[in-house]
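The chain contents come next:
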Amino acid sequence: MAQVIMAPGKYVQGSGELGKLASYVKPLGKKALCLISESGLRRSKEELDKSFEGSDQEIVYEIFQGECCKTEIDRLTTCCQSKKIDVILGVGGGKTLDTAKAVGYESKIPVVIVPTIASTDAPCSALSVIYTEEGVFDHYLFLPENPNLVLVDTQVVVDAPTRLLVAGMGDALATYFEARACEASGAISCAGGTTTKAAMALAKLCYETLMEKGELAKVAAEKHVCTKAVEKVIEANTFLSGIGFESGGLAAAHAIHNGFTVLPQCHHMYHGEKVAFGTIVQLVLEDVPVEELMEVMEFCVSVGLPVTLEQLGIKEVKEEEILAVAKAATAEEETIHNMPFKVTAQDVYSAIITADGIGRELLED
């Protein structure tokens, strides 16, 4: 089996880069459809318009309807065809970006990704997570190419709510541990091969960056200032985690996240917050040394990521509900089967209950 690594065509990160967007888009197309939320358009329209001003390029706005689902992808694909769009811009958070990537694929046009938050590792990947219209995980859509361009304006990111940056740390937290599990099992990654040394090195650097700079970055972001720590964490959340998960592989943590989407009481939680708890559950499943488990859990507490079921919104722990999560996490197609040992629904149930217990004890200390 070949070793494979994937990456976006170009990655740009820096303060004020949103104002230069048109110059980066120019080689890719002249008529851009900008997929953006209503609130995002209010915040960014002036700067986006200014970027395209005076150029021979046109930007057309389309409001994202809120869910990365087949209905929305079909609607936007039709829109691109009718308006003769030749490049799509996804501006916003994870579901907006995933939708833009899927529409670009269906429309056979270049894709430009502009994350306004650093809350997931979605921007760089050739992957869209597809949900039902009700927000329940449905399937992964694996794309043949990564985005042509990923542009991150770091000042825009720190102006967003700090909880989103922290959620991105939660998503990035899983990267090294899932890649490590996939390397041990020889699993095939999202890139279509086994992991490379480069992907593992990036995944490990991602984890080390979070441990070293995560809390410092949170403090700075709360004050809406962009320090070197913030820059490093944004890169970890977006690029290092993106390459690390895609070319390193997914395992239990993301499967457990998908399991929690079956519970309505968890729907208000961000993707990365659920992934962070899924990472803890994966480490319990692996029976890692207590020092490693506690380093991860103490980090979560320090930045405000959930370590208990109650923090995920589950006020009353019911066996049948947690078992439903465990069954969804171990569905036949789930990435939990990339672990280097067999994992059953009962194993996941037991690990969730154990992780919750350790988390509650940690918060009581």
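Residues numbered from 1 in each chain as written. Predicted model: local features only at pLDDT ≥ 70, side-chain atom pairs only at ≥ 80, totals over all residues. Heavy atoms only, no water.

### Considerations on the overall build of the chain
Regarding its fold elements, the chain presents 13 helices and eight strands. Over its C-alpha atoms, taken along the principal directions, the chain stretches across nearly 60 × 40 × 40 Å. Relative to its 365 residues, the chain shows a buried fraction of 59%. For the chain, contacts bridging at least 24 residues in sequence account for 79% of all contacts bridging at least 6. Roughly 14,900 Å² of accessible area belongs to the chain as shown, and the carbon and sulfur atoms make up 51% of that amount. (Helix = DSSP H or I, 4+ residues; strand = E, 2+ residues; numbered from the N terminus. Buried < 20%, exposed > 50% of the residue type's maximum accessible area, 1.4 Å probe, protein only. Contact = heavy atoms within 4.5 Å. Areas by Shrake-Rupley, 256 points an atom, 1.4 Å probe, with all protein chains shown as cover.)

### Side note on the nonpolar core
Counting 96 residues, the largest nonpolar core has M169, I256, F260, I336, V348 and I352 as the members making the most contacts within it. Top contributing element to this core by residue count: helix α6 (residues 162-185), with 10 residues. Not counting chain neighbours up to four residues away, the residues in contact with V348 comprise I256, V281, L285, A326, A329, T330, I336 and V343. (Core = buried A, V, L, I, M, F, W, Y, C linked by side-chain atoms within 4.5 Å.)

### Re the sheet that holds strand β5 (residues 111-115)
Strands sit in the order β1-β8-β5-β4-β2-β3 across an open sheet of six strands; the sheet is parallel. Edge positions in the sheet fall to β1 (11-14) and β3 (58-63), since each of these pairs with one other strand and no more. Strand-to-strand twist in this sheet, taken as the mean axis angle between neighbours without regard to direction, amounts to 20°. Here five bridges tie strand β4 (residues 87-92) to β5, and the two strands are oriented parallel to one another. Among the inter-strand pairings, V91 is bridged to a residue of β5, identified as V114. Relative to β3, helix α2 (residues 38-52) is tilted by about 180°, and along the sheet it contacts β2 (31-36), β3, β4 and β8 (149-153). (Pairing = 2+ DSSP bridges. Axes fitted to C-alpha atoms, helices over the stretch in contact; angles between N-to-C directions.)

### As for the environment of L76
Relative to the elements of secondary structure, L76 occurs in helix α3 (residues 70-82). In this structure the C-alpha to C-alpha distance between L76 and E62, which are 14 residues apart in sequence, comes to 8.3 Å. Among residues more than four places away in sequence, those in contact with L76 are L35, E62, T99 and V103.

### So, the packing of α3 against helix α4 (residues 94-107)
Remark: α3 packs on α4, axes separated minimally by 9 Å, with the N-to-C direction vectors making an angle of 50°. By the criterion of interaxial angle, the relationship of α3 to α4 is oblique. Crossing geometry of α3 relative to α4 is assigned as right-handed. Where α3 approaches α4, its residues E72, I73, L76, T77 and C80 are matched on the opposing element by T99, A102, V103, E106 and S107. Within the contact of α3 with α4, the residues separate by chemical class into five nonpolar, three polar and two charged. (Parallel < 35°, antiparallel > 145°, perpendicular 65-115°, else oblique. Left-handed = near helix turned anticlockwise from the far one by under 90°. Nonpolar A, V, L, I, M, F, W, Y, C, P; charged D, E, K, R; others polar.)

### What about the pairing of β3?
The sheet contact formed by β2 and β3 spans six bridges and is parallel. Within β3, the residue paired with L33 across the bridge is V60. The parallel pair β2 and β3, bridged by α2, forms a crossover whose chirality is right-handed. (Right-handed = clockwise from strand over helix to strand, strands pointing away.)

### Some words on the packing of aromatic side chains
Counted by the stated rule, this structure contains eight aromatic pairs. Three or more aromatic residues joined by ring pairs form one cluster here, namely Y131, F137, Y140 and F142. Positioned over the ring face of Y131 is K95, at 4.2 Å from the centre of the ring. (Phe/Tyr/Trp six-rings, centres within 6.5 Å; stacked < 30°, edge-to-face > 60°. Lys NZ or Arg CZ within 6 Å of the ring centre and 35° of its normal.)

### Side note on the pairing of strand β6 (residues 127-131)
Here β6 lies mainly inside the structure; five of its five residues are buried. Here β6 shows no split at all, with L127, V129 and Y131 on one side and S128 and I130 on the other all buried. As defined by bridge partners, β6 adjoins strand β7 (residues 137-142) across five bridges and the pair is classed as antiparallel. Among the inter-strand pairings, S128 is bridged to a residue of β7, identified as L141. As consecutive antiparallel partners, β6 and β7 are separated by five residues, and within that stretch G135 has a phi angle of approximately 90°, a positive value.

### Notes on the pattern of salt bridges
By the definition in use, this model includes 14 salt bridges. With its nearest N and O atoms 3.3 Å apart, the salt bridge here joins K101 to D98. Placement of both K101 and D98 in helix α4 is noted, with a separation of three residues, approximately one turn of the helix. Close ionic contact of K213 with E212 constitutes a salt bridge, the shortest N to O distance being 3.7 Å. Under the relative-accessibility criterion, K213 is labelled buried at 18%. One network of salt bridges, with partners in common, ties together E62, E72, R75 and K83. (Salt bridge = Lys/Arg side-chain N within 4 Å of Asp/Glu carboxyl O.)

### Some words on helix α7 (residues 197-222)
The end-to-end C-alpha separation of α7 is 35 Å, in line with the 38 Å expected for 26 residues at 1.5 Å each. K213 marks where α7 bends most, by close to 55°. With its phi angle positive at about 60°, H224 sits one or two positions after the end of α7. (Expected span 1.5 Å × (residues − 1). Bend = angle between axes of the 7 residues up to and from the residue.)

Take it as geometry only, folks, not as evidence of what the structure does.
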